[in-house]
Every structure is written in structure tokens, then in C-alpha cells.
Amino acid sequence: MAIKELNVKEQHYADTREEAESIVEEAKDDVYLTSFKISEKHNKLGTYFLVDLAFSYDTPKEFMESKPIKKPAPAEEPPKGQIEYSVNQDGTVSVNQDEEDEE
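Quick caveat: nothing in here was measured; it's all calculated off a predicted structure.

Draft legend 1. Local environment of the overall build of the protein. Looking only at helices and strands, one finds three helices and five strands in the protein. N-terminal to C-terminal, the α/β element order of the protein is β-α-β-β-α-β-β-α. Buried residues in the protein amount to 15% of all 103 residues. Total accessible area on the protein is roughly 9,500 Å²; 50% of this is exposed by carbon and sulfur atoms.

Okay, here's the thing in C-alpha cells:
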């Protein structure tokens with residue numbers, strides 16, 4: 001299951017007011033856009049625009065407050081190509097006879 005943030009904020013840079021407005025127009029196509037703001041900024045190199053976008057993704061309350069569903073663990077089988085063995089009390093190793101016959 002993919003994890004998705006419920007609230008996302010983005011900030012974009014634009015050189016002109018028209019570029020900033022085009023960024024906002026593109027963002028308006030998204031139904032989850034909740035707010036936008038165009039800020040005019042100045043520095044020693046000139047004027048630029050920052051576009052702040054905020055998105056809120058809907059998630060049902062029942063889904064968020066419910067406990068996670070526990071899935072039953074699958075029956076563990078040794079992967080093919082591996083040999084099942086056991087270590088005895090004296091340190092010797094014995095191989096399962098069924099696995100040995102297959103090779």
C-alpha cells in the first residue's frame with residue numbers, strides 16, 4: 001500500500017506574473033487544491049514571484065481511526081534450492097533425507 005501525505009504544500013518560483021498565474025491555473029485542475037498564494041518578492045537582482053500551493057487529500061474518518069487488519073501469516077516453506085538440516089547436541093549436522101533424495 002502506497003503511503004500518501006494527507007496535506008502537501010508546494011512552492012514554485014516564477015520570473016514573471018504571467019508564469020506564476022499559469023502555475024496556479026495548472027494546479028486548479030487538481031481537485032485537491034485547497035489554497036494558493038502568489039507573493040511578489042524583491043532582491044538586488046530584481047523582482048520574482050513565489051507561488052505557494054496547498055493540497056489536502058481526503059481520507060475517510062473510519063479508515064483513519066480503524067485498527068490495521070492483520071493478515072494471516074503464510075505457511076513457511078523452505079525456498080527451492082536450499083537444503084533443510086538440523087544441528088545435534090554434539091555439534092554434528094544431519095540433513096533431511098527427503099531433500100537429499102531429490103538431488
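Draft legend 2. Layout of the pairing of strand β3 (residues 46–56). One ladder, built from eight bridges, connects strand β1 (residues 7–14) with β3; its direction is antiparallel. Looking across to β3, one finds that Val8 is bridged to Phe55. Pairing of strand β2 (residues 33–43) with β3 involves 10 bridges; the strand directions are antiparallel. Of the residues in β3, the one forming a bridge with Ile38 is Val51. What sits between β2 and β3 in their antiparallel hairpin is a turn of two residues.

Reading guide: rules and limits
- Residues numbered from 1 in each chain as written.
- Predicted model: local features only at pLDDT ≥ 70, side-chain atom pairs only at ≥ 80, totals over all residues.
- Heavy atoms only, no water.
- Helix = DSSP H or I, 4+ residues; strand = E, 2+ residues; numbered from the N terminus.
- Buried < 20%, exposed > 50% of the residue type's maximum accessible area, 1.4 Å probe, protein only.
- Areas by Shrake-Rupley, 256 points an atom, 1.4 Å probe, with all protein chains shown as cover.
- Pairing = 2+ DSSP bridges.

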